[in-house]
Amino acid sequence: MAIKGGGGSAENRGRSPLAMVVAVGLCCFFYLLGAWQRSGYGKGDSIAMAVNRQTAACGGVGLSFETHHGGAGVENETMAAPAPEFAACAAAMADHTPCHDQERAMRFPRENMVYRERHCPGDGERLRCLVPAPPGYVTPFPWPRSRDYVPFANAPYKSLTVEKAVQNWVRHEGRLLRFPGGGTQFPGGADKYIDQLATVVPFADGSVRTVLDTGCGVASLGAYLDARGVIAMSFAPRDSHEAQVQFALERGVPAFIGVLGSIKLPFPPRSFDMVHCSRCLIPWSANGGMYMMEIDRVLRAGGYWVLSGPPINWRTNHKAWERTEADLAAEQQLIEEYAAMLCWEKLAEMGEAAVWRKRPDAAVVSCPTATPAPPRTCDAAAASPDDVWYKKMEPCITPPQAAGEVMLRPFPERLTAVPPRVAAGEVPGLTGESYAEENARWERHVAAYRKVNYRLDAGRYRNIMDMNAGVGGFAAAVFSPKSWVMNVVPTAAELSTLGVVYERGLIGIFHDWCKMEDIMLEMDRILRPEGTVILRDDIEVLLKVQRIASGMRWKMIMANHEDSPHIPEKVLYAVKRYWTADDKSSEPEPEPEKMKKKAGSSSQERSSEEEEESTASSSEEKGSEE
């Protein structure tokens, strides 16, 4: 997880002897930290203490800022207030998701799935405690092994293993959950299903890079598209199958809790190369085609829409679906009419899957109109096209992109090419030159991170979030098949840059962050035990962060800006210590006692990798027998 403030000055690049000592100290710290995190045992308190002692021996702690930027005065003022203390939440809160609380959701209307949308607690209802991980939580398997196996302790839910057993979504096998890659419309496996789609959709040439999977289940489509260089943003509601998205994230697949209801999707126009629905239960023909119009908004010209399941091939399946032929025929007829109105050309219908393509020349051709009257064009002048956060969805058509606009290059070329939005001057103040400078700046920042934490490129971190993504410079600098980055563009950001992020072939989402204490509690909630935080900001901000984090079981160390210790912008590295819902006390044990227990019990503990070697092999044998 990475968060940062402004760009900072590049002046005063001289290095002091202290800075060199600090660099060596940090290297020592993260060398030991990496070994600890990779262990998978998850008993981190005593080891973190040992790491701190080793860092002190290397000269890396006790950084002083008093001689620069008035740091002493700031520190005295900031630390004058007592540090907040955060107790552990109750063990029953281990899967608490504040804005998708089931009890709160039931107070809202069922119409258009409003009750499944985000409904966040007010100031007086927000938790001021640390949400624990489930008992026995262990380090997930590295990708791509995590695609197929998740420790049961990390997501201890069995309902889908029973309800979706014949569809091959997920199986409970001993201490593991196994994901065979199946889905409602592809019980034989996502790979075969993707092969079928690939006869129409050009996954192989890099032209289809970003996919939105609506109603994703456990996100097996996205999990298997990854191997083909395609990244899918998947979403599903938090309903009776409350662990669907949690399963996806534990597997290392991009996903978020969401639904097509009454609010616009949190993406700018023209974000995705393909949108997919496999038995996603979205009423595409309802509300005057409003949901198809919302998909059209986020689908770029030349992009593909795949609908798999009802009503496609209704003649063969109407009895199994327990619906009348007339009902299904009418539904498909409406879908076909709305698709034609949106300038989507139907390319193929293969079994129960149909593929449409949004015409790249929609701005200069006349498309059929729906009966009895064509919908209106969305009022682009009323608000910015990117102003979608908590905005009502409407049955209107988003104006097509301008004729002659530069088309995206195939991936991975588009990762570094100047995005069309930048080239067209759609982002105020952002030019091709300033865009290149921003990318170069993040290359320098990430190079410095790698010197501190050598695990950054080693597959240790699969799910990464950039909480203030800008144009995606951080994500591009750390780009690797071993990881993915959720690029968050805050709604309060000066520039709306999420469209640029998507044009690079990266993924992200709009979000509104609250005040500092709320942000940090939320960071702690979504961060795995032994997860890492990198915060880049001015020293005044980071001192406030340190004060709050001192009550959050984080181990922290401060580092100077990589260009010079005289630059006010600093970097704070933090690690969330290991603890779970089965801890007897909300407070960590005294360090000497923890060290003794560690020495006596470590031989009896096993990492998730060791667990898999014994259990997964027997699971695979069972699978072959079946």
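Per an unreviewed UniProt entry, the chain goes by Methyltransferase and derives from Oryza nivara. Listed under Sequence similarities (unreviewed entry) in UniProt, the entry text for the chain is "Belongs to the methyltransferase superfamily."

### Section: the state of the cysteines
Enumeration according to the criterion identifies five disulfides in this entry. Paired through a disulfide, C89 and C129 show a sulfur-sulfur distance of 2.0 Å. Disulfide C89-C129: torsion about the S-S bond near 100 degrees, hence right-handed. Of this pair, C89 sits in the loop between helix 3 (71-80) and helix 4 (102-105) while C129 sits in the loop between helix 4 and strand 2 (149-151); the two residues are 40 residues apart in sequence, bridging distant segments of the chain. In this pair, the class of C89 matches that of C129, namely buried. Taken in sequence order, the bonded cysteines of the chain link in the pattern 1-4, 2-3, 5-6, 7-8, 9-10. Counting only cysteine sulfurs, C120 is the nearest neighbor of C514, a cysteine outside any disulfide, at a range of 7.6 Å.

### With respect to the pattern of salt bridges
By the definition in use, this model includes 30 salt bridges. One salt bridge connects E438 with R441, and the closest N-O pair in it is separated by 3.0 Å. With E438 and R441 both in helix 14 (residues 432-452) and three residues apart, the pair spans about one turn of that helix. Note on E438: relative accessible area 23%, which makes it partly exposed. Overall, R441 belongs to the buried group, its relative accessible area being 15%. In this structure, E562 engages R536 in a salt bridge whose closest nitrogen and oxygen atoms are separated by 2.9 Å. One end of the pair, E562, is in the loop between strand 18 (554-560) and strand 19 (569-576); the other, R536, is in strand 17 (residues 532-538), with 26 residues separating them in the sequence.

### Overview of the packing of aromatic side chains
The description of an aromatic ring pair rests on the distance of the ring centres and on the angle between the ring planes. Inspection of the entire model under this criterion finds 15 aromatic pairs. Between the aromatic rings of F186 and Y193, the centroid separation amounts to 4.6 Å while the plane-to-plane angle is 25 degrees, which identifies the pairing as stacked. The residues F186 and Y193 share a single accessibility class, namely buried. Consider the rings of F235 and F256, whose centres lie 5.3 Å apart with planes at 40 degrees: the pair is tilted. Here the residue F235 occupies a position in strand 6 (residues 231-236), and F256 occupies one in strand 7 (residues 255-257), the gap between them amounting to 21 residues. For F235, a relative accessible area of 2% corresponds to the buried category. A residue is classified by how much of its surface remains accessible, and F256, at 13% relative accessible area, is buried.

### A short note on the sheet that holds strand 4 (residues 176-178)
Read from one edge of the open sheet, three strands run 2-4-3, paired in antiparallel fashion. The two strands at the open ends of the sheet, each matched to only one other strand, are strand 2 and strand 3 (171-173). When the angles between neighbouring strand axes are averaged without regard to direction, this sheet yields 30 degrees. As judged from the three bridges shared by strand 2 and strand 4, these two strands associate in the antiparallel manner. Across the sheet, residue Y149 finds its bridge partner in strand 4, namely R178.

### Considerations on the sheet that holds strand 5 (residues 210-214)
By way of backbone hydrogen bonds, the strands of a sheet pair with one another, either parallel or antiparallel. One open sheet accounts for seven strands, arranged 7-6-5-8-9-11-10; its pairing is mixed. For this open sheet the edge positions go to strand 7 and strand 10 (344-350), each flanked by a neighbour on one side alone. Along the sheet, successive strands turn relative to each other by an average axial angle of 20 degrees, direction set aside. Bridge count between strand 9 (residues 299-308) and strand 11 (residues 353-358): five bridges; the pairing is antiparallel. Across the sheet, residue Y304 finds its bridge partner in strand 11, namely R357. Along the sheet, helix 9 (residues 290-298) makes contact with strand 5, strand 8 (272-278), strand 9, strand 10 and strand 11, crossing strand 9 at roughly 135 degrees.

### What about the environment of L130?
Its location among the elements puts L130 in the loop between helix 4 and strand 2. Residues L130 and R525 lie 395 residues apart in sequence; the distance between their C-alpha atoms is 6.7 Å. With near-sequence residues (within four places) excluded, L130 lies in contact with F86, A87, A88, C89, L521, D524, G551, M552, R553 and W579.

### Here's the deal with the nonpolar core
Counting 90 residues, the largest nonpolar core has F267, W284 and W305 as its most contacted members. Here W284 is in contact with T214, L260, C277, G289, Y291, M292, I295, W305, L307 and I335, once residues within four sequence places are set aside. F203, A223, V230 and A348 belong to the second largest nonpolar core, which has 30 residues in total.

### Brief notes about the packing of helix 17 (residues 516-526) against helix 18 (residues 539-549)
The contact between helix 17 and helix 18 brings their axes to 11 Å, and the two run at 60 degrees. Taken together, the axes of helix 17 and helix 18 are oblique relative to one another. When you trace helix 17 past helix 18, the crossing you get is right-handed. Within the contact between the two elements, helix 17 uses M516, E517 and M520 and helix 18 uses V541, K544, V545, I548 and A549. In the contact of helix 17 with helix 18, the residues fall into six nonpolar, no polar and two charged.

### Some thoughts on helix 6 (residues 190-197)
Those residues of helix 6 lying buried are A190, Y193, I194 and L197. All buried residues of helix 6 fall inside an arc of 100 degrees around its axis, so they share one side. Buried residues along helix 6 sit against helix 7 (220-225), strand 8, strand 9, strand 10 and strand 11.

### A short note on the pairing of strand 11
Taking burial as the measure, the six residues of strand 11 include five buried ones, the bulk of the element. Looking at chain direction, strand 10 and strand 11 are connected through six bridges and run antiparallel. Among the inter-strand pairings, A348 is bridged to a residue of strand 11, identified as V355. What sits between the antiparallel neighbours strand 10 and strand 11 is a turn of two residues, in which G351 has the positive phi angle 65 degrees.

### Quick word on the side chain of H100
Following the sequence through the fold, H100 ends up in the loop between helix 3 and helix 4. Other than its neighbours up to four places away in sequence, H100 contacts R116, E117, R118, R238 and I257.

Rules and cut-offs
Residues numbered from 1 in each chain as written. Predicted model: local features only at pLDDT ≥ 70, side-chain atom pairs only at ≥ 80, totals over all residues. Heavy atoms only, no water. UniProt positions renumbered as here; feature names shortened; annotations may be inferred. Disulfide = S-S within 2.5 Å. Helix = DSSP H or I, 4+ residues; strand = E, 2+ residues; numbered from the N terminus. Buried < 20%, exposed > 50% of the residue type's maximum accessible area, 1.4 Å probe, protein only. Salt bridge = Lys/Arg side-chain N within 4 Å of Asp/Glu carboxyl O. Phe/Tyr/Trp six-rings, centres within 6.5 Å; stacked < 30°, edge-to-face > 60°. Pairing = 2+ DSSP bridges. Axes fitted to C-alpha atoms, helices over the stretch in contact; angles between N-to-C directions. Contact = heavy atoms within 4.5 Å. Core = buried A, V, L, I, M, F, W, Y, C linked by side-chain atoms within 4.5 Å. Parallel < 35°, antiparallel > 145°, perpendicular 65-115°, else oblique. Left-handed = near helix turned anticlockwise from the far one by under 90°. Nonpolar A, V, L, I, M, F, W, Y, C, P; charged D, E, K, R; others polar. Arc of directions from axis to C-beta.

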